[in-house]
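Remarks on the overall topology
Here are the chains, one letter per residue:
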Amino acid sequence: MQQYSSLPDQNSQIDATPKLLTTNQQLRAQVWLERSLNHLQSRLNDCLLSACKTVPQAEAAQAEVFQTVVNEINTAVDSSNLALTGSAVGIALFEPQETVATVCYVSRSPSANSEALFLEVLTAEKKLLLRLQEVIEVEDLQQLENQQPPSAWPLADDSGSLMGWLIIADRESLIESLAQLRSELMARSAKYCTTALAQLRQWQQRYELLSSSNQELQHTNQLKNQFLANTSHEIRTPLSSIILSSNLLLAPGYEPTRERQQEYLNIIQSSGKHLLALINDILDLSKIEANQMDVQWETIDVALLCSNVLALVKEKAANKGLRLCVEIDPDITTLVADSLRLKQMLLNLLFNALKFTSKGSVVLEVAPKGEFVHFTVWDTGTGISQEDQAQLFQPYFQIAKAVADGVEGTGLGLAVTRKLAEIHGGSVKVESKLDHGSRFTLVLPLKQEAGVGGDEGVREANSSSFLPFTPSSCVDILLVEDDFANAHLMQIFLRKLGYQVTWVKNAAQMWQTLTQLDPAVILMDVYLADGNGLELVQQLRENRQYGAIPIIIQTAMAMKGDREICLATGVNDYISKPIDLPLLASLVAKYSKAPTEVDGESKD
């Protein structure tokens, strides 16, 4: 034993034992802390998952997160075996700009037989009771947050704005090491709480966004179904007129008078124009929504344009016994706009007014208002309710009473009108009262920053301005068209004008015919059974023998860019189907260099 006599046994016990115990306590405390925080994180994840599955209200999900935090901290403290028991946890919330907060969540409330738990504000030397609905001044909570050791930890939302405090109260003071351990638990728990709330809000925002999108999709689907029903009616009605009229003309044994024939043909023509207008409205809306609508700026004679527009609707007004007139302020003479689109907008407004007016008047007023001009169409019709006015310019929307009364329409005219007005830098306004008529006002700027310009070529809207002519019968036209009805009617029309027309229905026949014929103009369809018309144009342009022949494409391609695509292949001009016969005559005359003197008689 003497070999150990020189060792300071007592000092060894004093030096070694406390160090070993301190290390064990630290390890046990660290394990407890991480285990408690992991369990809290797991429970918060369960809360978020539950919120995702059940889609609760935001307040209910937030309340569950708050209550979970205080309960889990309380459970962790009670099970710590680290002399942390005897504490209570709570959350005090406050509204911005308020000076007090309210304790909304607690893990343990004092009973009548238990000792009350207090928060000690050291700097103010006051004690605050921790219990539900207790009101605490924000200033005191800030003191609890800043004192050492702290008893309150801030809770902020995802934008950084303070929303409350996580607080803890004890029956007795803790030694410094345990106070630090508890502070770390509370600080990290507060962080987990704010992170969970931020995730919850982000998820709820996404849910609200998806819900809104879903409602919009449902509304769009409803409008689509309504549009298909309306469009089906709008298509079937004129088609029925066309088929019935043509059946009568073709009926065996039925020999109608010339006047009756003219009546049937007028029905067929007007019904066809109605179908074309329907298709144009749909295409125009598609172009506008795809930002593909071209605008051709020009200086417009306002009086002349209004006169032309009224000429197109006067027959409908006369048939209903309505007074139709125009009132133009003398200060308005010209306007910079797209004349075709302006006519379209005014016609939409006028036709609507005539549609919903059974007696009285429909008036077009034009007046200046500063740098703008107001085109007001007012009527003495049925008027429009406030509820319907709110949806009036939505695509496919139709007034329920109008549909029930059998009033024709697709619900596209006003939507197209407003969008065209916006493209012009203007707007459309409506004032109406049931049984007291309506006032639609188209507001357009007098001038456009883009200036006057645009396409100087032939436009279909101006096709009626072509000059009659009698070309020489030696002018040969080669018509390449695979549709028999279109080809036959074009042949009849051009032959009536004096042209020699040779019709072929595919590419093979075209090449064979060109070996025997030197046409002045080739009329080329795009879609052929054995080839693409645009590819044929390129082949013709690369051929030295045929490369100089003028080519006019006739096609159903009528969207933005189609004309440019056709011209880029080397065609001289473009006309869309259904064929505008006056425009066709004008283009053929232009490229065949036919004389354009007016002749009173057309050749048979």
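These figures come from a predicted structure and were not determined experimentally.

1. Description of the environment of C474
- Here C474 is to be found in the loop between strand 14 (438–445) and strand 15 (476–480).
- For the pair C474 and P519, spaced 45 residues apart in the sequence, the C-alpha separation amounts to 9.9 Å.

2. Digging into the packing of aromatic side chains
- Summed over the entire model, instances satisfying the criterion amount to six aromatic pairs.
- Aromatic side chains F484 and W503 sit 5.9 Å apart centroid to centroid with 55° between the ring planes, which places their arrangement in the tilted category. Remark: W503 occurs in strand 16 (residues 500–504) and F484 occurs in helix 11 (residues 484–496); sequence separation between them is 19 residues.
- W503 sits in the partly exposed class, given a relative accessible area of 27%.
- The ring of F393 carries the charged tip of R418 above its face, separated from the ring centre by 3.8 Å.

3. Considering the sheet that holds strand 13 (residues 427–432)
- What the five strands build is an open sheet, ordered 9-11-12-14-13; its pairing is mixed. What marks the edges here is a single partner per strand, and that holds for strand 9 (323–328) and strand 13. Here the strands of the sheet are splayed against their neighbours by 15° on average, with no regard to which way each runs.
- Across six bridges, strand 9 lies against strand 11 (residues 361–369) in parallel orientation. Bridged to E327 within strand 11 is E365.
- Strands strand 11, strand 12 (372–379) and strand 14 of the sheet are contacted by helix 7 (residues 339–355), whose axis makes an angle of about 175° with strand 14.
- Lying on the sheet, helix 10 (residues 413–423) is in contact with strand 13 and strand 14; it crosses strand 13 at an angle near 135°.

4. Notes on a nonpolar patch on the surface
- Together, I235, L239 and I243 give the surface a local cluster of nonpolar side chains, amounting to about 230 Å² of exposed area.
- Following the sequence through the fold, I243 ends up in helix 4 (residues 176–250).
- Of the residues examined, I243 reaches a relative accessible area of 47% and is grouped as partly exposed.

5. Focus: unusual backbone geometry
- With an omega of -10°, the peptide bond between Q148 and P149 qualifies as cis.
- Along the chain, the position of P149 falls in the loop between helix 3 (138–146) and strand 6 (152–156).
- A cis amide bond, omega 0°, links K577 with the succeeding residue P578.
- Mapped onto the elements of the fold, P578 is located in the loop between strand 21 (573–576) and helix 15 (581–592).
- In this model, Q133 sits at a positive phi of 65°, which is unusual for a non-glycine residue.
- Summarising the element assignment, Q133 is placed in the loop between strand 4 (126–129) and strand 5 (135–137).
- Note on Q133: relative accessible area 58%, which makes it exposed.
- Although it is not a glycine, D435 sits at a positive phi angle of roughly 70°.
- Looking at where D435 falls in the secondary structure, it is placed in the loop between strand 13 and strand 14.

6. Focus on the confidence of the model for the protein chain
- Chain-level statistics for the protein chain give a pLDDT mean of 80 and a share of 81% at 70 or above.
- Throughout residues 1–21 the model reports pLDDT below 50, and contacts reaching past four residues in sequence, or to other chains, amount to two contacts.
- For residues 594–604, every residue scores under 50 in pLDDT, and the model assigns this stretch 21 contacts once sequence neighbours within four places are set aside.

Here is what the cut-offs are and how they apply
Counting restarts for each chain, with residues numbered from 1 along the sequence as it is written. The predicted origin of the model limits local features to residues at a pLDDT of at least 70 and limits the giving and counting of side-chain atom pairs to 80 or more, whereas totals for whole chains, interfaces and linings rest on all residues. Note that water and hydrogens are dropped before the side-chain values are worked out from all heavy atoms of the structure. To qualify as a helix, a DSSP run of H or I must reach at least 4 residues; to qualify as a strand, a run of E must reach at least 2; elements of each kind are numbered from the N terminus. Working definition: rings of Phe, Tyr and Trp (its six-membered ring) pair if their centres are within 6.5 Å, and the pair is stacked with planes under 30 degrees apart, edge-to-face with planes over 60 apart, and tilted otherwise. For the exposure calls, accessible area comes from a 1.4 Å probe over protein chains only, and a residue counts as buried if that area is under 20% of its type's maximum, exposed if over 50%, partly exposed in between. Here, a charge over a ring is recorded when the distance from Lys NZ or Arg CZ to the ring centre is within 6 Å and its angle to the ring normal is within 35 degrees. At least two bridges found by DSSP between two strands is the condition for calling them paired. Each axis is a line fitted through C-alpha atoms, taken for helices only over the stretch in contact, and angles between the N-to-C directions span 0 to 180 degrees. Note on contacts: a residue pair qualifies if any of its non-hydrogen atoms lie within 4.5 Å across the two residues. Residues form patches when they are more than 30% accessible in relative terms and have no salt bridge. Like charges link within 9 Å. Nonpolar side chains (Val, Leu, Ile, Met, Phe, Trp, Tyr) link within 5 Å. Only the protein chains shown count as cover for residues, with accessible areas throughout obtained via the Shrake-Rupley method and a probe of 1.4 Å. Salt bridges are defined by distance alone: a side-chain nitrogen of Lys or Arg within 4 Å of a carboxyl oxygen of Asp or Glu. Predictor confidence is given residue by residue as pLDDT, running from a minimum of 0 to a maximum of 100.

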